[in-house]
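These are the residues of each chain, in order.
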Amino acid sequence: MQSQIKLSTAIEELLRCPICRARFERITDQYICTGSECHARFPIINGIPVLLNENASLFSIQDLVSQSNRTSTFQENKIQKVLRQLIPGIGQNVKGKQNYSKFAKLLLDQSTTPKVLVVGCGTLGEGMESLLIHSSIELIETDILFGPRTMLICDAHDLPFESDSFDGVIVQAVLEHVVDPYRCVEEIHRVLKKQGLVYAETPFMQQVHMGRYDFTRFTYLGHRRLFRRFEEIDSGATCGPGMALAWAYRYFLLSFTESNLLRSFIKVFASFTSFYLKYLDRYLIEKAGTLDAASSYYFIGKKSHYTLSDRELIKLYKGAF
């Protein structure tokens, strides 16, 4: 199912060519770049613009056109849905809900009607409900693939928006899946307004979970360095070492076989024998040692023109060593 929410006229005015950053001219079902040497064309599929710089992306516009034309999609029947709900999850985002509440307050302190770009909105981010309750916050939800919440297709390496456009940017569980996270964060910095806010969650102790589209992990300090052009408001672990241990246990068992049937059984077995570990994270999440062993970290920051130096960076270590 594709998003039924369309881009507002105000957001359309902010769109720019992902190749040359010139303005667009819209003609029925496509955007045409008005750049003097570009003139690239980008389709609008089922009301969703597809704005990709194909020269710098892993994906092509044609791939996405083909995806949109597929009519056979997997649908769970009632029995499958019930069975899935009976299997306990091994992950828990301990701080997500609290962090989004804080992020919403910060946004509304700066603007009565903030515009927030969501990079990688395939599914609703864990804890994001705390943000959605504020109807005055306008979310512009983008992804690299069509999904139930996707309003615009784009690549985080080349965000198709005018500089200084947004009051906030959310990038949750995305930066591990891009080939150049530093370039993506530079793009986030570019499209944010002066003193604009960013909320990011990125894994540390997690195994590969999107196959060939999984590239990078960050320690706590590595994550802070990624956002070195931002003033820190808050940071820390959001998923703790209990979740990290459960993931490691599951993937240890999965490494013994490549059989799809056995792997399905192992996933269920691992869930029932390790799900309780995530509950320990409620106790551990603020411990110093958790910063050395967390499943993932979060960062809330404000756009700055000052760049944190590496000598300053290492003084920010808060782990147990």
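Residues numbered from 1 in each chain as written. Predicted model: local features only at pLDDT ≥ 70, side-chain atom pairs only at ≥ 80, totals over all residues. Heavy atoms only, no water.

Novice: Teacher, can you tell me more about a nonpolar patch on the surface here?
Specialist: Together, Leu-58, Val-179, Met-210, Tyr-213 and Phe-215 make up an exposed nonpolar region whose accessible area comes to about 440 Å². Considering the arrangement of structural elements, one finds Val-179 in the loop between β8 (166–172) and α6 (181–191). A residue is classified by how much of its surface remains accessible, and Val-179, at 47% relative accessible area, is partly exposed. (Patch = residues over 30% accessible without salt bridge, like charges linked within 9 Å, V, L, I, M, F, W, Y side chains within 5 Å. Areas by Shrake-Rupley, 256 points an atom, 1.4 Å probe, with all protein chains shown as cover. Salt bridge = Lys/Arg side-chain N within 4 Å of Asp/Glu carboxyl O. Helix = DSSP H or I, 4+ residues; strand = E, 2+ residues; numbered from the N terminus. Buried < 20%, exposed > 50% of the residue type's maximum accessible area, 1.4 Å probe, protein only.)

Novice: For this particular structure, what's the right way to read the packing of aromatic side chains?
Specialist: We describe a pair of aromatic rings using the distance from one ring centre to the other and the angle between the two ring planes. Inspection of the entire model under this criterion finds 16 aromatic pairs. Taken together, a centroid distance of 5.4 Å and an interplanar angle of 25 degrees make the contact between Phe-59 and Tyr-213 stacked. One end of the pair, Phe-59, is in the loop between β4 (48–51) and α2 (61–69); the other, Tyr-213, is in the loop between β9 (192–203) and α7 (220–226), and 154 residues separate them in sequence. Here Phe-59 falls in the buried class, since its relative accessible area comes to 19%. Since its relative accessible area comes to 32%, Tyr-213 is described here as partly exposed. Considering the side-chain rings of Phe-161 and Phe-166, the 5.0 Å spacing of their centres and the 85 degrees angle between planes classify their relative orientation as edge-to-face. In terms of burial, Phe-161 and Phe-166 fall into one category: buried. Of the aromatic side chains, those joined through ring pairs into one cluster are Phe-24, Tyr-31 and Phe-42. (Phe/Tyr/Trp six-rings, centres within 6.5 Å; stacked < 30°, edge-to-face > 60°.)

Novice: I tried to follow the pairing of strand β11 (residues 296–303) on my own but got confused; where do I start?
Specialist: The side chains of a regular strand alternate, residue by residue, between the two faces of the sheet. Burial analysis of β11 places eight of its eight residues in the buried class, the great majority of the element. Sheet topology places β9 next to β11; seven bridges connect them, and they run antiparallel. Within β11, the residue paired with Leu-197 across the bridge is Lys-302. Where strand β10 (residues 230–239) meets β11, eight bridges bridge the pair, whose relative direction is antiparallel. Bridge assignment links Gly-236 to a residue of β11, and that residue is Tyr-298. (Pairing = 2+ DSSP bridges.)

Novice: Teacher, can you tell me more about the sheet that holds strand β3 (residues 41–45) here?
Specialist: Paired through their backbone hydrogen bonds, the strands of a sheet run either parallel or antiparallel. Overall, mixed pairing links the 11 strands, which are arranged β1-β2-β3-β4-β7-β6-β5-β8-β9-β11-β10 in an open sheet. The open sheet is flanked by β1 (24–27) and β10, the only strands paired with a single partner. Here the average twist between neighbouring strands, direction ignored, is 20 degrees. Direction of pairing for β1 relative to strand β2 (residues 30–33): antiparallel, over a ladder of four bridges. Pairing of Arg-26 across the sheet is with Tyr-31, part of β2. The sheet strands contacting α2 are β3, β4 and β7 (152–154), and the helix crosses β3 at an angle near 15 degrees. (Axes fitted to C-alpha atoms, helices over the stretch in contact; angles between N-to-C directions. Contact = heavy atoms within 4.5 Å.)

Novice: Looking at this structure, how should I read the nonpolar core?
Specialist: Grouped together as the largest cluster of nonpolar side chains are 50 residues, with contacts concentrated most on Leu-117, Phe-161 and Phe-227. Sort the elements by how many residues they give to this core and α6 lands first, with four residues. If we ignore the near neighbours within four places in the chain, the residues touching Phe-227 are Leu-175, Val-185, Val-198, Ala-200 and Phe-299. Among the nonpolar cores identified, the runner-up in size contains 16 residues, and Tyr-100, Ala-104, Leu-131 and Tyr-199 belong to it. (Core = buried A, V, L, I, M, F, W, Y, C linked by side-chain atoms within 4.5 Å.)

Novice: Is there a simple way to think about the pattern of salt bridges in this case?
Specialist: Pairing is possible between side chains that carry opposite charge, provided their charged atoms lie close to one another. Tallied over the entire structure, the rule returns 15 salt bridges. With a closest N to O distance of 3.4 Å, Asp-167 and Lys-193 form a salt bridge. Placement of the pair is Asp-167 in strand β8 and Lys-193 in strand β9, with a sequence separation of 26 residues. One network of salt bridges, with partners in common, ties together Arg-21, Glu-187 and Arg-190.

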